[in-house]
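One letter stands for each residue in the lines below.
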Amino acid sequence: MTSKFLTEVQQKVVVLGDFSVGKSSLILRVSKNEFLEEQESTIGAAFINFSVNVDNKPNQIQIWDTAGQEKFRSLTPIYYRGAIGAIVVYDVSREYSFQTAKEWVEELKEKANPKLIIALCANKIDLLEEKKKLLKEKEYADENGLLIYETSAKTGKGVTEMFVDFSKNLPKDQGREIFNDDFFEEEFFNIELHNGEKKTEKTICC
Amino acid sequence: MNNREKEEEKEENQNTQQESKVQIEKSEWMSLIMKKHPDVLQLHETTLPFSNLTSFSTHIPSGKTEIKERIGGGMLIKLIMEYLHQNNLSKAAENLSNESNVSREKHYHAIDVLTLLLQMSITDIDNLWDVNFSKCVDINLDEIDEVVFFEERKTSLIIEEDDENLIDDIPLWDEPPDSKSNIIYVPQTTEEYKKIHAATLNKLIEKLTEPEEMDSKFIPIFFMTYQSFTPPGKLLYKLFTRYTVPNSLEKNFENKEEFEKYKKKIKFRTLNILKTWLDTHFSDFNQGLLEELNEFFKTTKGTDQRIFKDIKKLIDFKINNFHQSKSAIEIPPEPKVPKNIFNKNLSLFDIDELEIARQITLIDFEIFSQIKPAELLNCAWSKPKLKHRAKNVLELIERFNEMSQWVATKIIQRERVRDRVKILTKFIMIANHLFKLNNFNSLISIMSGINSSAVHRLKFTFEELAPKNTEIINNFKQLLSGEGSYKKYRKHLHQIEPPCVPYLGVYLTDITFIEDGNPDYVNENLINFSKRRLVYDVIEEIQKFQNVFYNLHPVHQIAVFLNKFPRIEKKKLYQISQEREPRGAKKNEIKF
């Protein structure tokens, strides 16, 4: 193992939620806004790794998103196992998806790592009437100790901010201990487009 | 039972046997089937009323006030009952009658005008298109009439129309010449041929059937992905139209000779493309489309009869060889069959792990190899509206979930640690064989059973596992980890030699990202062909694996065992798991 490995611990964050609540769009939005200059229509599957500086120390985060695999239900416990944070996404324009989000939160609280930091992400706020203020959702988040973010993957509003703020809320030193269940990569890459067309590095500094 | 009764029964049996030899009329045969299979009947009933709406509304336009006034609730029920009767669904009609207290008109002289009309229209339904068709033949077709003919039949060709297809459809021959508003190319690199970035459907079909060379992948990409922007019926219709070069174009040519030359080229190319389509994606053609094709050959006169013949031959060949292209050359390895294979109480422990893995793989591959490109377009598997298109994808996922739940159930059901270790070991060995057989779909399924919440928490069970088996589990965990979008697994997959059943989920994620990350249309109305090129790459990899078959012997008795997976529901299973090894329990409190 390299010395880099010892100083930087990569932390796993999973994105959960119903199909078509916009999980993949959130990731794509971050990668487009932050990592790609031209918005060419050649985006393949992407996953993101980034590092956030907290107290002058880098915090390496890898976001796991298995959008499209929602129906492989039996895989989900493995998927969130070893994660240090989970972002549960729902679609504000579909009441049903909030119910599913609640079920996710309950499952995580019951079965996942007890120290898991959970965030509720109210996505597609561009579709929401301005007067509505997500009171019910905020109350639910308060009661359950969740962070809450409002995003629009379509307009880009709040997306990068969410990932950065959420990362800052993650405990810095826990990654390895919790992650030991899974496998460590020795090399780090920041963002990789699956079709291999582009590989750029960027660090979000805060 | 006395002898006479036996005798009678025998006679009856013979009678029925004789009957079955007699050719049964189609209508009777249908009702027999319906009786035997209530589920088919139900399906038939639910969909029938929708299939022939056109004819009904031709006779009885709903907008007319006098008709509105005459059709009360009772009348509607009568109409529906009549309809059901006409289609041999008298039982359903009877139920309807009992529930609504409306009786069916049985005598023609007492019949309502509307009911009569309906009966007439029903008999017309089957002939409706034929009527139009014979009209065309009477007028002695010239090519312009063919266009009219296809225009009229257009509605019957286009079966499913998605919202996305509602984009303005200009008739093919009215499409203006190439410009930025109907076709955009990928900026030219060093490559010789042009690559289309985005274009209208008409332009794509033009390029498909033009002598001008496009990049070599254009045609395969088009046929693999076109169902994401247009249904097969519409494409067929467009190709017919393309074939029918209108004479009005002659004015664009120097002389008649030049025009005839052009016409010939287009016709030839179009037929060739049609042939390619039939050859490479025959399953796109349902019975209706094949009939349309037949009509086309019948009614089209000209010099292309020989190519028609070729195409018809190809169709015949495809129909007859549809189910038999899997003959292996080498003799498959001898299956490892247990001695008590015919025993009713055959258990998992009787069967060799390798053979279990083989039989699992044969069943998996059978489903996997059936997956059609259309199942993977537009994320059909996760959209309620398009689910019907993704039959095999959904079946494979269902099997995946059931199998892993079955694995977890089997382990949790054992009360004692040592029994759990025994069966866990069995599954690890099966998993190991699945790995060697390159069946990653079921390998991940079994691994997720072993790693499910209910099993994963059984600390004492895993402690008792042989170190070698723990190591196998850990190796698989690493290889199959979702980290870096399944980086390790992908790398491994590209190194193996097929046959293989890849893990479907990775492809579904890739396609989802491509779908969500790229718009379907560029500049509002141009089909984003670059996006389809990305989707093609994913599906092409899947097809590569679909084309190499496993050379293994199916063993029915074992396959039956691995086709349904008795299992306990997730929550209940977790509860039992907590009883087996309570949270924080000490070693001496556990049953070993």
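For the structure itself, look to the data block above.
Computed from a predicted structure; not experimentally measured.

J.: What should I look at first to understand the overall build of chain A in this one?
T.: Each helix and strand in chain A was counted, giving seven helices and seven strands. Each helix and strand of chain A, ordered N terminal to C terminal, gives the series α-β-α-β-β-α-β-α-β-α-β-α-α-β. Within the span of chain A, comprising 206 residues, buried residues form 57% of the whole. Once local pairs closer than 6 in sequence are excluded, the contacts in chain A between residues at least 24 apart make up 77%. Of the roughly 9,500 Å² of accessible surface on chain A, a fraction of 46% belongs to carbon and sulfur atoms.

J.: I tried to follow the interface of chain B and chain A on my own but got confused; where do I start?
T.: Frequently, the measure chosen for interface size is the accessible area removed from exposure when the parts meet. Opposite the 49 residues of chain B that make contact, chain A presents 42 residues. Summed over both partners, the interface of chain B with chain A buries about 3,800 Å², with 57% contributed by carbon and sulfur atoms. Considering only the side of chain B, the residues that lose the most area to chain A are Glu483(B), Lys487(B) and Phe513(B), jointly responsible for 20% of the buried surface there. Remark: the boundary between chain B and chain A carries zero salt bridges. For the interface between chain B and chain A, the tally reads 12 residue pairs in polar contact (both at pLDDT 80 or more).

J.: I tried to follow the state of the cysteines on my own but got confused; where do I start?
T.: By definition, a disulfide links the sulfur atoms of two cysteines through a covalent bond. Taken as a whole and assessed by the stated rule, the structure comprises zero disulfides over all chains. Here Cys379(B) is not disulfide-linked; the sulfur of Cys121(A) is the nearest cysteine sulfur, at 19 Å.

J.: Honestly, helix α4 (residues 95-111) of chain A in this entry has me stumped. Any pointers?
T.: Helical geometry note: an α-helix holds 3.6 residues per turn, so side chains three or four residues apart project in the same direction. The end-to-end C-alpha distance of α4(A) is 25 Å, a good match for the 24 Å that 17 residues give at a rise of 1.5 Å each. Turning to α4(A), its buried residues number three or more, namely Ser97(A), Phe98(A), Thr100(A), Ala101(A), Trp104(A), Val105(A), Glu107(A) and Leu108(A). In this structure, the buried residues of α4(A) make contact with β1 (10-17), α3 (76-80), β4 (85-91), β5 (117-123) and α5 (135-144) of chain A together with α28 (570-580) of chain B.

J.: How should I be thinking about the packing of helix α10 (residues 201-208) of chain B against helix α12 (residues 232-243) of chain B in this particular structure?
T.: The axes of two packed helices give the description: the angle between them and the distance between them. Residue and element names in this part refer to chain B. One way to put it is that α10 packs onto α12 with a least axis distance of 11 Å and a crossing angle of 60°. In terms of axis orientation, α10 runs oblique to α12. Helix-helix and strand crossings are classified by hand; for α10 and α12 the assignment is right-handed. Each of Leu201, Asn202, Ile205 and Glu206 in α10 lies in contact with α12, whose residues at this interface are Lys234, Leu235, Lys238, Leu239 and Arg242. Residues of the contact of α10 with α12, tallied by class, amount to four nonpolar, one polar and four charged.

J.: Looking at this structure, how should I read empty space enclosed by the protein?
T.: One way to see where empty space is left: roll a probe the size of a water molecule over the atoms. Scanning all chains against the criterion turns up seven cavities of 30 Å³ or more. Here the largest cavity defines a volume of roughly 400 Å³. Lining the largest cavity are 28 residues; nearest its centre among them are Leu75(A), Ile78(A), Tyr79(A), Gly482(B) and Tyr486(B). Mapped onto the lining of the largest cavity, the elements with two or more residues apiece are β1, β3 (57-65) and α3 of chain A together with α20 (440-450) and α23 (467-479) of chain B. Split by residue class, the lining of the largest cavity holds 14 nonpolar, seven polar and seven charged.

J.: For this particular structure, what's the right way to read the pairing of β5(A)?
T.: Across a regular strand the side chains alternate sides, sitting on one face of the sheet and then on the other. All names here are of chain A. Counting buried residues along β5, six of its seven residues qualify, which places the element largely inside the surrounding structure. The pairing of β4 with β5 spans seven bridges and is classified as parallel. Across the sheet, the residue bridging to Ile87 is Ala119, located in β5. Taken together, β4, α4 and β5 constitute a β-α-β crossover, and its handedness is right-handed. Here β5 pairs with strand β6 (residues 147-150) via four bridges, running parallel. Across the sheet, Cys121 pairs through a bridge with Tyr149, a residue of β6.

J.: I would appreciate a short explanation of the sheet that holds strand β2 (residues 196-199) of chain B in the present structure.
T.: The strands making up a sheet are joined through hydrogen bonds of the backbone, oriented either antiparallel or parallel. Residue and element names in this part refer to chain B. A sheet is described by the order of its strands in space; here four strands give the open sequence β1-β2-β4-β3, paired in antiparallel fashion. Whereas interior strands pair on both sides, the edge strands pair on one side only; in this sheet they are β1 (183-185) and β3 (521-522). Two strands pair when backbone bridges link them, and β1 and β2 are joined in this way by three bridges, in the antiparallel orientation. Of the residues in β2, the one forming a bridge with Ile184 is Ala198.

J.: What is the right way to read the packing of helix α25 (residues 504-517) of chain B against helix α26 (residues 529-546) of chain B from this model?
T.: Residues and elements named next belong to chain B. At their nearest, the axes of α25 and α26 sit 9 Å apart, and the two run at 170° to each other. Judged by the angle between their axes, α25 and α26 are roughly antiparallel. Judged by residue contacts, Tyr507, Asp510, Ile511, Ile514 and Glu515 of α25 engage Lys531, Leu534, Val535, Val538, Glu541, Ile542 and Phe545 from α26. Considered class by class, the residues forming the contact of α25 with α26 number eight nonpolar, no polar and four charged.

J.: Can you help me understand the side chain of Ser97(A) in this one?
T.: Residue and element names in this part refer to chain A. Considering the arrangement of structural elements, one finds Ser97 in helix α4. On the accessibility criterion, Ser97 (1% relative accessible area) is buried. Discounting chain neighbours no more than four positions away, the residues touching Ser97 are Asp18, Val21, Tyr90 and Asp91.

J.: Where do I start with the nonpolar core in this structure?
T.: The nonpolar side chains of a soluble globular protein tend to be buried with one another. In terms of nonpolar packing, the biggest core is built from 137 residues, with Phe222(B), Leu293(B), Phe427(B), Ile450(B) and Tyr503(B) touching the most fellow members. Contact partners of Phe427(B), with chain neighbours within four places excluded, come to Leu348(B), Trp406(B), Val407(B), Lys410(B), Ile411(B), Ile446(B) and Ile450(B). Among the nonpolar cores identified, the runner-up in size contains 27 residues, and Val30(A), Ile63(A), Tyr149(A) and Met162(A) belong to it.

The rules behind these values
- Residues numbered from 1 in each chain as written.
- Chains lettered and ligands numbered in written order.
- Predicted model: local features only at pLDDT ≥ 70, side-chain atom pairs only at ≥ 80, totals over all residues.
- Heavy atoms only, no water.
- Helix = DSSP H or I, 4+ residues; strand = E, 2+ residues; numbered from the N terminus.
- Buried < 20%, exposed > 50% of the residue type's maximum accessible area, 1.4 Å probe, protein only.
- Contact = heavy atoms within 4.5 Å.
- Areas by Shrake-Rupley, 256 points an atom, 1.4 Å probe, with all protein chains shown as cover.
- Buried area = accessible area lost by both parts, 1.4 Å probe.
- Salt bridge = Lys/Arg side-chain N within 4 Å of Asp/Glu carboxyl O.
- Polar contact = N/O pair within 3.5 Å; in protein donor to acceptor, adjacent residues only side chain to side chain.
- Disulfide = S-S within 2.5 Å.
- Expected span 1.5 Å × (residues − 1).
- Axes fitted to C-alpha atoms, helices over the stretch in contact; angles between N-to-C directions.
- Parallel < 35°, antiparallel > 145°, perpendicular 65-115°, else oblique.
- Left-handed = near helix turned anticlockwise from the far one by under 90°.
- Nonpolar A, V, L, I, M, F, W, Y, C, P; charged D, E, K, R; others polar.
- 1 Å grid on protein atoms, 1.4 Å probe; cavity = no way out; pocket = protein on both sides within 12 Å on 5 of 7 lines; lining within 4 Å.
- Points joined across faces, edges and corners; volume = space filled by probe spheres on them.
- Pairing = 2+ DSSP bridges.
- Right-handed = clockwise from strand over helix to strand, strands pointing away.
- Core = buried A, V, L, I, M, F, W, Y, C linked by side-chain atoms within 4.5 Å.

Keep in mind these numbers describe shape, not what the thing actually does.
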